[in-house]
Structures are given as C-alpha cells and as structure tokens.
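Single-letter residue listing:
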Amino acid sequence: MQDEEFLYASSGEFRGEGAQILDAVGISTAGKTREVLHAEFQRAGFFLTHVLECPFEDNGTFEARAQTMLKKRLTAVATRIRRSLKPKRVMAVTEELTLVMDDILATDLGCPVVLDRGKPFLLESRSGENSVARLKDALAAASAG
C-alpha cells in the first residue's frame, strides 16, 4: 500500500483504502485537508486501527505468513481496542482478516463485532458485489440502533 491509502497518513490525496473508508462513512474529501478529515472522521465516532501496521512482501507464502503475523498482533490490538478506543462496536474490514476471523470473534474486545454475512467487510468489490454499499448499510443500521 502507498502512504496515500492509509487513512491517517499525514500527506497526499486520499486513495485506495483511505478513500474507500471515508466514502463508506459518508465523508467527502472535497476541499478538505487531511487534518480536517481526520477530525471529522473521529467526531463522527469512527476510529480505524490496523492489526498489522507495516505491509510485507508476498513471496508466495502470503496466507501462512499473514495468518501468523495477524495472530501475533491480535492480543495487543484487542487490548488497545478495549482500553484506549472503548468502542460500542467493531467492524472487521479487509479480506485479510478472514484468516483470523475465528480468533477475533473469540477475543474479548469489550463489544460486538459487526460482519458482512459472517465475514469481514471488503472495500474492493468483486464479481459484481458491492461490499462498500453493505458496509454503508451496516453503519447506518448501527447508528440507528
């Protein structure tokens, strides 16, 4: 991933994952600085945390390596979620989390985990599916309830 794809990157125009997340939560980037967008995102009650903060190269064993790395970081991330973020709910986003979904559901996050048909929400649509639309619907339902 490029820096511009990270929601909390300090410079550049939003692209990729960062832009998709802002779109899903209904925040327009038009004419706004990153600082303004970060504040707006958090004022709306959203916080984004990554299980793995550094990407790694895929050398053909991506799935096994990703699963091992995600599992190693899950306890620390769960502690941060419970103690610092204290959310009302957690939404799993990105396909890679599928590798550790059972571990996430078995972990005490202090709140429910919202999923897309039992799986993490995908930001990129595949085979005509619109996962971002389902994420928007889940966010709207969570806000209403």
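Residues numbered from 1 in each chain as written. Predicted model: local features only at pLDDT ≥ 70, side-chain atom pairs only at ≥ 80, totals over all residues. Heavy atoms only, no water.

Colleague: I would appreciate a short explanation of the packing of aromatic side chains in the present structure.
Modeller: Aromatic rings considered in pairs are described by the distance between their centres and by the relative angle of their planes. Taken as a whole and judged by the stated rule, the model has two aromatic pairs. Residues Tyr8 and Phe41 carry aromatic rings whose centres are separated by 6.4 Å and whose planes lie at 75 degrees to one another, so their mutual orientation is edge-to-face. Taken together, the residues Tyr8 in the segment before α1 (16-24) and Phe41 in helix α2 (residues 34-43) connect sequence positions 33 residues apart. Relative to Phe46, the ring of Phe41 has its centre 5.6 Å away and its plane inclined at 35 degrees; by these criteria the two rings are tilted. By relative accessible area, Phe41 is classed as buried at 3%. Put simply, the rings of Tyr8, Phe41 and Phe46 pair up and form one aromatic cluster. (Phe/Tyr/Trp six-rings, centres within 6.5 Å; stacked < 30°, edge-to-face > 60°. Helix = DSSP H or I, 4+ residues; strand = E, 2+ residues; numbered from the N terminus. Buried < 20%, exposed > 50% of the residue type's maximum accessible area, 1.4 Å probe, protein only.)

Colleague: Please explain the side chain of Arg34 as it appears in this structure.
Modeller: Among the secondary structure elements, Arg34 is positioned in helix α2. With a relative accessible area of 6%, Arg34 lands in the buried category.

Colleague: Whenever I open this one, the pattern of salt bridges confuses me. Can you help?
Modeller: When charged atoms on two side chains of opposite charge get close, those side chains can pair. Taken as a whole and judged by the stated rule, the model has four salt bridges. Asp23 is the salt-bridge partner of Lys136, the closest N and O atoms lying 3.6 Å from each other. You can see Lys136 sitting in helix α5 (residues 131-144) and its partner Asp23 sitting in helix α1, a full 113 residues away along the chain. On the basis of relative accessibility, which here comes to 33%, the residue Lys136 falls in the partly exposed class. Assessed through its relative accessible area of 40%, Asp23 is described here as partly exposed. (Salt bridge = Lys/Arg side-chain N within 4 Å of Asp/Glu carboxyl O.)

Colleague: When you look at the nonpolar core in this model, what are you seeing that I'm missing?
Modeller: In a soluble, globular protein the nonpolar side chains are often hidden away together inside. With 16 residues, the main nonpolar core has Leu7, Ile21, Leu22, Phe41, Met91 and Leu135 as its most contacted residues. Counting residues per element, this core draws most heavily on α5, at four residues. The contacts of Met91, once residues within four sequence positions are left out, are Val114, Phe121, Leu135, Ala138 and Leu139. (Core = buried A, V, L, I, M, F, W, Y, C linked by side-chain atoms within 4.5 Å. Contact = heavy atoms within 4.5 Å.)

Colleague: Explanation requested: the environment of Leu115 in the structure shown.
Modeller: One can find Leu115 in the loop between β2 (113-114) and α5. Judged by its relative accessible area of 21%, Leu115 is partly exposed. On a C-alpha basis, the gap between Leu115 and Arg134 in space is 9.9 Å, while along the polypeptide they are 19 residues apart.

Colleague: Would you take a moment to explain the confidence of the model for the protein chain for this structure?
Modeller: In regions of low pLDDT, the predicted coordinates are not meant to be interpreted in detail. Mean pLDDT over the protein chain stands at 82; residues scoring 70 or higher make up 88%. When mean pLDDT is taken per element in the protein chain, helix α4 (residues 101-106) scores highest with 94 and α5 scores lowest with 79. (pLDDT = per-residue confidence, 0-100.)

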